Amino acid sequence: MMDWTDRHCRYFHRLMTARAMLYTEMVTSAAIVHGPKARLLDYSTAEHPVALQLGGSDPAELAAAVRIARDWRYDEINLNVGCPSDRVQSGCFGAVLMERPALVADCVAAMRDESPVPVTVKCRIGVDDQDPETVLPDFIDRVSAAGVSHFVIHARKAWLQGLSPKENREIPPLDYDLVLRMKASFPHLTICINGGITSLAQARGLLERGLDGVMIGRAAYHEPGNVLIGADALWGDAPGRDAFAVVEAMRPDIADHLAEGGRLHQITRHMLGLFHGKPGARGWRRVLSEGASRDGAGLDLIDRALAEVTQAAEAVRAG
Ligand SMILES: Cc1cc2nc3c(=O)[nH]c(=O)nc-3n(C[C@H](O)[C@H](O)[C@H](O)COP(=O)(O)O)c2cc1C
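- The name recorded for the chain in an unreviewed UniProt entry is tRNA-dihydrouridine(20/20a) synthase, from Aliigemmobacter aestuarii.
- Turning to the chain, the UniProt annotation filed under Cofactor (unreviewed entry) states: "FMN".

Okay, structure coming up:
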């Protein structure tokens, strides 16, 4: 998620689930071809399995970006056909490409030619006044004919005029049934759903209705402890670390980051919601958000924030 997630966030999330695929924020093909490649593409091997999400609409440039990214050994390359921000529309990529399925097919065909790993597509159900009932199956038909067998569908339209990107994640209504019908129409394809999923119980319900996967964005970011700890149970695996063990496991990564001159806040900003809904969650969030961007903030701040949680838990136990 652009401006929210980064490699520190993915490293943190991976400590809570071994199985879930993690996605990078969208990186444009132009940035990879012309920009600072290592800064855009470096990540920790601990993050696997991890998908690189690309934005673009020029088949040759997307292919060049995939060729460059090959050395980084991502597990999947995903093309973003769902992002509605102005910046993205002006470059003619993201959700506006729902209107140009033939171009998307050319893009993914060119990407596949360069990619040793699966090329997947994240899309909306349509844009503006398109009729999703006809547009979405046509889009899937054409893009799958170009060799994509895995779609992540954000189950709402993007309205490209008049709504901000934030509103475009909230206002156009969700249509899960349409995505379920796509799975029924294309049973040989991997169809994953996205949009408005806030709990593992909800994710499980959608998987039980036949979908192949569930992508969770905002809830995983805001409540990582609730959404990601226990996610491996969806694959039948036991949950891994609890939230306290996650904090301990973050310490070496944080220490390395600080030693390289990084600031505490750059990592702890992703951890603010770890104890969401638990006693002491507010204190944890407050101590970190007030202190972590101060000069010299270090691991002792994490101790202070953790003390808020342990003291609150003791208070609850003591009744
Ligand atoms: C701050 C922010 C940045 C986002 N950036 C991306 C992005 O880079 N690529 C993408 O495919 N979706 C992006 N999204 C959309 C989410 O991936 C997701 O499709 C959307 O939030 C709906 O799912 P959710 O209800 O689970 O959050 C972003 C969402 C937010 C809130």
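**Things to note about the overall build of the chain**
Here is step 1 of the chain: A count of helices and strands for the chain gives 15 helices and 8 strands.
Here is step 2 of the chain: For 319 residues, the compact-globule estimate of 2.2 N^0.38 gives 20 Å, and the C-alpha radius of gyration of the chain, at 20 Å, lies within 12% of that figure.
Here is step 3 of the chain: The proportion of buried residues among the 319 residues of the chain is 39%.

**Some remarks on the packing of helix α14 (residues 281-291) against helix α15 (residues 299-318)**
Here is step 1 of the chain: α15 packs onto α14 with a crossing angle of 165 degrees between their chain directions and a minimal axis gap of 8 Å. Regarding the angle of α14 to α15, the classification is roughly antiparallel. Of the two elements, α14 crosses α15, and the hand of that crossing is right-handed. Where α14 abuts α15, its residues Gly 283, Trp 284, Val 287, Leu 288 and Gly 291 lie against Leu 301, Arg 304, Ala 305, Glu 308, Val 309 and Ala 312.
Here is step 2 of the chain: Among the residues making up the contact of α14 with α15, the classes are represented as 7 nonpolar, 2 polar and 2 charged.

**Quick look at the site of the ligand**
Here is step 1 of the chain: The ligand sits among 21 residues. The nearest are Met 1, Met 2, Met 26, Gly 217 and Arg 218.
Here is step 2 of the chain: Of the residues that constitute the shell around the ligand, the class distribution is 8 nonpolar, 8 polar and 5 charged.

**Notes on the environment of Ile 302**
Here is step 1 of the chain: You can see Ile 302 is positioned in helix α15.
Here is step 2 of the chain: For Ile 302, a count of 24 C-beta atoms within 10 Å corresponds to the buried category.
Here is step 3 of the chain: Expressed as a C-alpha distance, the spacing of Ile 302 and Leu 180, which sit 122 residues apart in the sequence, is 43 Å.

**A short note on helix α6 (residues 101-114)**
Here is step 1 of the chain: Between its terminal C-alpha atoms α6 stretches 20 Å, which fits the 20 Å expected from 14 residues at 1.5 Å a residue.
Here is step 2 of the chain: Every buried residue of α6 is accounted for by Pro 101, Val 104, Ala 105, Cys 107, Val 108, Ala 110 and Met 111.
Here is step 3 of the chain: Contacts made by the buried residues of α6 are with α4 (59-69), β4 (76-81), β5 (119-124) and α7 (132-145).

**A closer look at unusual backbone geometry**
Here is step 1 of the chain: Here the amide bond leading from His 48 into Pro 49 is cis, since omega sits at -5 degrees, within 30 degrees of zero.
Here is step 2 of the chain: Looking at the secondary structure, you find Pro 49 in the loop between α3 (37-41) and β3 (50-55).
Here is step 3 of the chain: Located in the positive-phi region is Asp 3, a residue other than glycine, with phi close to 75 degrees.
Here is step 4 of the chain: Along the polypeptide, Asp 3 turns up in the segment before α1 (7-14).
Here is step 5 of the chain: Within the chain, Asp 128 stands out as a residue other than glycine whose phi angle is a positive 45 degrees.
Here is step 6 of the chain: Within the element layout of this structure, Asp 128 appears in the loop between β5 and α7.

**Concerning the nonpolar core**
Here is step 1 of the chain: Val 108, Met 111, Phe 151 and Ile 153 are the most contacted members of the largest nonpolar core, which totals 87 residues.
Here is step 2 of the chain: Mapped onto the domain boundaries, this core takes at least three residues apiece from domain 1 (7-230) and domain 2 (243-318).
Here is step 3 of the chain: Not counting residues up to four positions away in its chain, the partners in contact with Ile 153 are Cys 123, Ile 125, Val 179, Met 182, Ile 191, Ile 193 and Asn 194.

Rules behind the numbers
For every chain, the first residue of the written sequence is number 1, and numbering continues from 1 onward in sequence order. Reporting in this predicted model follows two pLDDT cut-offs: at least 70 for local features of residues, and 80 or more for side-chain atom pairs to be given and counted; totals over whole chains, interfaces and linings ignore these cut-offs and use all residues. UniProt positions are given in the numbering used here, feature names are shortened, and annotations may be inferred rather than shown by experiment. Each helix corresponds to a stretch of at least 4 residues labelled H or I by DSSP, and each strand to a stretch of at least 2 residues labelled E; elements are numbered beginning at the N terminus. Both definitions apply: the radius of gyration is a C-alpha atom measure, and the globule rule equals 2.2 Å times residues to the power 0.38. As a rule, residues whose C-beta atom has 12 or fewer other C-beta atoms within 10 Å are exposed, those with 20 or more are buried, and those in between are partly exposed; C-beta atoms are placed from the backbone. Interaxial angle, 0 to 180 degrees, is taken between N-to-C directions of lines fitted to C-alpha atoms, where a helix line uses only the stretch in contact. Angle categories: roughly parallel below 35 degrees, roughly antiparallel above 145, roughly perpendicular from 65 to 115, and oblique for all the rest. Less than a right angle of anticlockwise turn of the near helix away from the far helix marks a crossing as left-handed, whereas a clockwise turn marks it as right-handed. Any pair of residues counts as being in contact when their C-beta atoms, constructed from backbone geometry, are within 7 Å of one another. Classes in brief: Ala, Val, Leu, Ile, Met, Phe, Trp, Tyr, Cys and Pro nonpolar; Asp, Glu, Lys and Arg charged; the others, Gly included, polar. Near residues are defined by distance alone, with the backbone-placed C-beta atom required to lie within 6 Å of the molecule or strand. In this analysis, the expected span of each helix is defined as 1.5 Å times one less than the number of residues it contains. Working definition: the nonpolar core is a set of buried Ala, Val, Leu, Ile, Met, Phe, Trp, Tyr and Cys residues, joined through C-beta atoms within 7 Å. Here the bounds of each domain stem from an automatic or database domain assignment.

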